[in-house]
Amino acid sequence: MSDQTAAPSSTLGDLALSLASGAIRVVDLTHTLDPDFPVIILPPEFGQCARFRMEEISAYDHRGPAWKWHNFTCGEHTGTHFDAPAHWISGRDLPNNSVDSIPVEQFVGPVCVIDCTEGAAADDDFELTPEVIIAWERQHGEIPAGSWVLMRTDWSTRRGAAYLNMREDGPHSPGPTPDGIRLLVDERQIRGFGTETVGTDAGQGVHYTPPFPAHFYLHGAGRLGLQCLNNLAQLPPTGAILIATPLKIKQGTGSPLRVIALVQEER
Ligand code: 23J
Ligand code: MN
């Protein structure tokens, strides 16, 4: 006979208890939206993404005696942000390819974190290759289908000009090679790919074939992108759950968002 006084056990009930006790922690993977946070700079012949801007409407004053509020403007791809398949030409004819039409269940999934901090510290153009991915899998197991995969580089700790790391020949920051991203998309069937840098692609990603291979292959296969992530050092290599819900912008190709992860505390 079951104990009639005990609440029935359920996964969500257990989750609620774990959140309340701190056994599961919520980690914020987001940078603050700030006019000083860098945005990607494309070659001058192309259109440019806008930085974040905010203006006061009122602040408990003659413009509104009991309330404070702001108007803000920015690009879809400003700050910590989400890339939808419609962002890239390879994904433009896919169904449900914009932030308002992607089914919401796609936003939530387990997350694998590939630590590339040593490589990125030694080489600003460090590449996430199939070899790096397979070496990670030898330690942590094969990346499960439906995973978010994050490339950890500690790039989020850079400030000012060091973040874009612009040189005469363009920006220099780490990212995946064409073969690396294809392994993740085609063989591992990942949900999406995220980075601490300003793009899912390397700073010099325009020089690969195809140009910007992460954008090309991810979005061509209907997969998602996350950029300018923060606090990846607080995530375990496997076992966390990532939640990334973009704003519901009609036909939007991306949006700034709050990215959070649920992490089981070590016990
Ligand atoms: C447009 C063109 C190239 C790139 C990007 C945007 C991004 O990184 C982005 O924010 O999606 S590389
Ligand atoms: Mn983007």
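Just so it is clear, the structure is predicted and the values come from calculations on it, not from any experiment.

*Asks:* Just checking my understanding: could you explain the overall build of the chain for this structure?
*Replies:* Looking only at helices and strands, the chain features six helices and 15 strands. Compactness check: the chain gives a C-alpha radius of gyration of 20 Å against a globular reference of 18 Å for 267 residues, within 12% of the reference. On the principal axes, the C-alpha backbone points of the chain span a range of 75 × 65 × 40 Å. For the chain, the proportion of its 267 residues judged to be buried stands at 45%. For the chain, restricting intrachain contacts to residue pairs at least 6 apart in sequence, the fraction spanning at least 24 positions comes to 73%. Summed over its atoms, the accessible surface of the chain is roughly 14,300 Å², and 55% of this surface lies on carbon and sulfur atoms. Seen as two clouds, the 19 positive and the 33 negative side-chain charges of the chain have centres 4 Å apart.

*Asks:* I would appreciate a short explanation of the packing of aromatic side chains in the present structure.
*Replies:* Where two aromatic rings form a pair, the distance of their centres and the angle of their planes describe that pair. Counting across every chain of the model gives five aromatic pairs. Residues F52 and F72 carry aromatic rings whose centres are separated by 5.6 Å and whose planes lie at 35 degrees to one another, so their mutual orientation is tilted. Linking F52 in the loop between strand 1 (24-28) and strand 2 (53-61) with F72 in strand 3 (residues 64-73), this pair joins segments that are 20 residues apart in sequence. On the basis of relative accessibility, which here comes to 51%, the residue F72 falls in the exposed class. Measuring from centroid to centroid gives 5.6 Å for W88 and F212, while their planes differ by 75 degrees, and the two rings are edge-to-face. Taken as a pair, W88 in the loop between strand 4 (81-83) and strand 5 (108-115) and F212 in the loop between strand 11 (192-195) and helix 6 (213-220) lie far apart in primary sequence, 124 residues in all. The exposure class assigned to F212 is partly exposed, which follows from its relative accessible area of 24%. It is R158 that lies over the ring of W155; its NZ or CZ is 3.6 Å from the centre.

*Asks:* Explain the coordination of the manganese ion (ligand 2) to me, please; I cannot follow it from the model alone.
*Replies:* The textbook angles at a metal center are 109.5 degrees for a tetrahedron of four donors and 90 or 180 degrees for an octahedron of six. The manganese ion (ligand 2) binds to the protein through H77 (ND1), H81 (NE2), D83 (OD) and Q227 (OE1); the donor distances cover 2.1 to 2.5 Å. Spacing between the donor residues of the manganese ion (ligand 2) along their common chain follows H-x3-H-x1-D-x143-Q.

*Asks:* I'm lost on the sheet that holds strand 13 (residues 240-244) in this one. Help?
*Replies:* What holds strands together in a sheet is hydrogen bonding between their backbones, with the strands either parallel or antiparallel. Strand order in this open sheet of nine strands is 1-15-13-5-7-11-12-4-14, and the pairing throughout is mixed. Strands with a single pairing partner mark the edges of an open sheet, and in this sheet they are strand 1 and strand 14 (254-256). Averaged over all adjacent pairs, the angle separating strand axes in this sheet is 25 degrees, with direction ignored. Relative to strand 7 (residues 148-152), strand 5 runs parallel, the two sharing five bridges. Within the sheet, the bridge partner assigned to V113 lies in strand 7 and is L150. Helix 1 (residues 11-21) contacts strand 1 and strand 15 (259-264) of the sheet and is inclined by roughly 70 degrees relative to strand 1.

*Asks:* Sorry, what's going on with the site of ligand 1 here?
*Replies:* Close to ligand 1 lie I40, L42, H77, H81, D83, H87, W88, V198, G199, F212, H215 and Q227, which account for all nearby residues. Take H87: an N or O atom from its side chain is 2.6 Å from an oxygen atom of ligand 1. Here an oxygen atom of ligand 1 sits 3.0 Å away from a polar atom, N or O, in the side chain of Q227. Surface burial for ligand 1 is 88%, taken as the share of its 320 Å² of free accessible area covered by protein chains. Of the residues in the shell around ligand 1, the class split is five nonpolar, six polar and one charged.

*Asks:* How should I be thinking about the pairing of strand 7 in this particular structure?
*Replies:* Along any regular strand the residues' side chains alternate between the sheet's two faces. Counted residue by residue, strand 7 has five buried out of five residues, so it is predominantly covered. Burial along strand 7 is two-sided: the face carrying W148, L150 and R152 and the face carrying V149 and M151 are both buried. When strand 7 meets strand 11, the two strands line up parallel, connected through four bridges. Bridge pairing links V149 to F193 in strand 11.

*Asks:* Looking at this structure, how should I read the nonpolar core?
*Replies:* Nonpolar side chains tend to gather and get buried jointly when the protein is soluble and globular. In terms of nonpolar packing, the biggest core is built from 23 residues, with L29, F82, L150, L226, L235 and L242 touching the most fellow members. For this core, the secondary-structure elements that each account for two or more residues are strand 5, strand 7, strand 12 (224-227), strand 13 and strand 15. Dropping the residues within four chain positions of it, L242 is found in contact with L29, F107, V108, G109, V111, W148, L150, L226, V259, I260 and A261. One finds L128, M151, A214 and L218 within the second-largest nonpolar core, a separate group that totals 19 residues.

Criteria and thresholds
- Residues numbered from 1 in each chain as written.
- Chains lettered and ligands numbered in written order.
- Predicted model: local features only at pLDDT ≥ 70, side-chain atom pairs only at ≥ 80, totals over all residues.
- Heavy atoms only, no water.
- Helix = DSSP H or I, 4+ residues; strand = E, 2+ residues; numbered from the N terminus.
- Rg over C-alpha atoms; globule rule 2.2 N^0.38 Å.
- Buried < 20%, exposed > 50% of the residue type's maximum accessible area, 1.4 Å probe, protein only.
- Contact = heavy atoms within 4.5 Å.
- Areas by Shrake-Rupley, 256 points an atom, 1.4 Å probe, with all protein chains shown as cover.
- Lys, Arg positive; Asp, Glu negative; His and termini not counted.
- Charge placed at Lys NZ, Arg CZ, Asp CG, Glu CD.
- Phe/Tyr/Trp six-rings, centres within 6.5 Å; stacked < 30°, edge-to-face > 60°.
- Lys NZ or Arg CZ within 6 Å of the ring centre and 35° of its normal.
- Donors = N, O, S within 2.8 Å, 3.2 Å for Na, K, Ca; no water.
- Pairing = 2+ DSSP bridges.
- Axes fitted to C-alpha atoms, helices over the stretch in contact; angles between N-to-C directions.
- Near = heavy atom within 4 Å.
- Polar contact = N/O pair within 3.5 Å; in protein donor to acceptor, adjacent residues only side chain to side chain.
- Nonpolar A, V, L, I, M, F, W, Y, C, P; charged D, E, K, R; others polar.
- Core = buried A, V, L, I, M, F, W, Y, C linked by side-chain atoms within 4.5 Å.

Treat this as a map of the structure, not an account of what it does.
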